[in-house]
Amino acid sequence: MGSATVETPDEVSETAEPTRGVMFPYQCVPGGRGTITDALEWHPRSLEGAYRTYVLSYQSTPSYQVYLFVDTTDGVAEIHRGDGNDDGPFEVGADVSVGRIHGSPSGTKRSFVTVDLEDVTDHSVDSSM
């Protein structure tokens, strides 16, 4: 008979809150995965507040690109282009999973839906090269 050893980390980390974003309802695919292809300085006037706009290309239909708006009032949603000069929830090129819908942001008259977003980019480095 063999025995197995299970290693556990010294500290148990709490599950982080998912990033929340806003999308047009017709562009939202819950459970869909996509890649952030660009970050823009624009957002619609009907969406009140400070938002960073990302362009998301769904992996199942890469030609279908949608707008993803992330609130910047907390200061963490600045454009992140991977050059080390900025912080933000997503980097251009990141893979993102769209999660649950949480209704419409207040004051938008159902023009948008709020969704959970998770960065699912594989950050591991292949050392075999």
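Please refer to the structure placed before this passage.
Every value quoted in this text rests on a predicted model; they were computed, and no experiment measured them. (Residues numbered from 1 in each chain as written. Predicted model: local features only at pLDDT ≥ 70, side-chain atom pairs only at ≥ 80, totals over all residues. Heavy atoms only, no water.)

Trainee: Outline the overall build of the protein, supporting the account with residue identities and numerical values.
Mentor: Within the protein one finds 0 helices and 6 strands. Reading the protein from its N terminus to its C terminus gives the helix and strand order β-β-β-β-β-β. Evaluated residue by residue, the protein yields a buried proportion of 33% over its 129 residues. Nonlocal contacts in the protein, meaning residues at least 24 apart in sequence, comprise 54% of its contacts between residues at least 6 apart. (Helix = DSSP H or I, 4+ residues; strand = E, 2+ residues; numbered from the N terminus. Buried < 20%, exposed > 50% of the residue type's maximum accessible area, 1.4 Å probe, protein only. Contact = heavy atoms within 4.5 Å.)

Trainee: Describe the sheet that holds strand E6 (residues 113-119), and please don't skip the residues or the numbers.
Mentor: What the 6 strands build is a closed barrel, ordered E1-E4-E3-E2-E5-E6; its pairing is antiparallel. Each strand of the sheet is rotated relative to its neighbour by a mean of 50°, with strand direction disregarded. Summarising the sheet, strand E3 (residues 51-58) and strand E4 (residues 65-71) pair through 7 bridges and their orientation is antiparallel. Looking at E4, one finds that Ser57 is bridged to Gln65. (Pairing = 2+ DSSP bridges. Axes fitted to C-alpha atoms, helices over the stretch in contact; angles between N-to-C directions.)

Trainee: Just give me the short version of the pattern of salt bridges, but keep the residues and values in it.
Mentor: It is possible for side chains of opposite charge to pair when their charged atoms get near one another. For the structure on display, the rule yields 2 salt bridges. Residue Asp116 pairs with Arg20 through a salt bridge whose shortest N-O separation is 2.9 Å. Of this pair, Asp116 sits in strand E6 while Arg20 sits in strand E1 (residues 19-23), and the two are 96 residues apart along the sequence. (Salt bridge = Lys/Arg side-chain N within 4 Å of Asp/Glu carboxyl O.)

Trainee: Tell me about the pairing of strand E5 (residues 95-101), and please be specific about residues and values.
Mentor: One ladder, built from 3 bridges, connects strand E2 (residues 33-40) with E5; its direction is antiparallel. From the neighbouring strand, Gly34 faces E5, where its bridge partner is Val96. Strand direction decides the pairing type here: E5 and E6, joined by 4 bridges, are antiparallel. Within E6, the residue paired with Ser97 across the bridge is Glu118.

Trainee: Break down the side chain of Arg52 for me, citing the residues and quoting the values.
Mentor: With respect to the secondary-structure elements, Arg52 resides in strand E3. A distance of 3.1 Å separates polar atoms of two side chains, one belonging to Arg52 and the other to Glu41. (Polar contact = N/O pair within 3.5 Å; in protein donor to acceptor, adjacent residues only side chain to side chain.)

Trainee: Provide a residue-level description of the environment of His43, including the pertinent values.
Mentor: You can see His43 is positioned in the loop between E2 and E3. A relative accessible area of 23% places His43 in the partly exposed class. Every residue in contact with His43, bar those within four places of it in the chain, is listed here: Gly49, Tyr51, Thr53 and Phe69. In this structure the side chain of His43 is engaged in a polar contact, spanning 3.3 Å, whose partner is the backbone oxygen of Leu47.

Trainee: Outline the nonpolar core, supporting the account with residue identities and numerical values.
Mentor: Within the largest apolar cluster, 17 residues are counted, with the highest numbers of intra-cluster contacts made by Met23, Ile36, Leu56, Val98 and Leu117. Secondary-structure elements contributing two or more residues to this core are E2, E3, E4, E5 and E6. In this structure, Val98 is in contact with Met23, Cys28, Val29, Pro30, Gly31, Gly32, Leu56, Tyr58, Val115, Asp116 and Leu117, ignoring residues within four places of it in sequence. Among the nonpolar cores identified, the runner-up in size contains 6 residues, and Val22, Phe24, Tyr51 and Phe112 belong to it. (Core = buried A, V, L, I, M, F, W, Y, C linked by side-chain atoms within 4.5 Å.)

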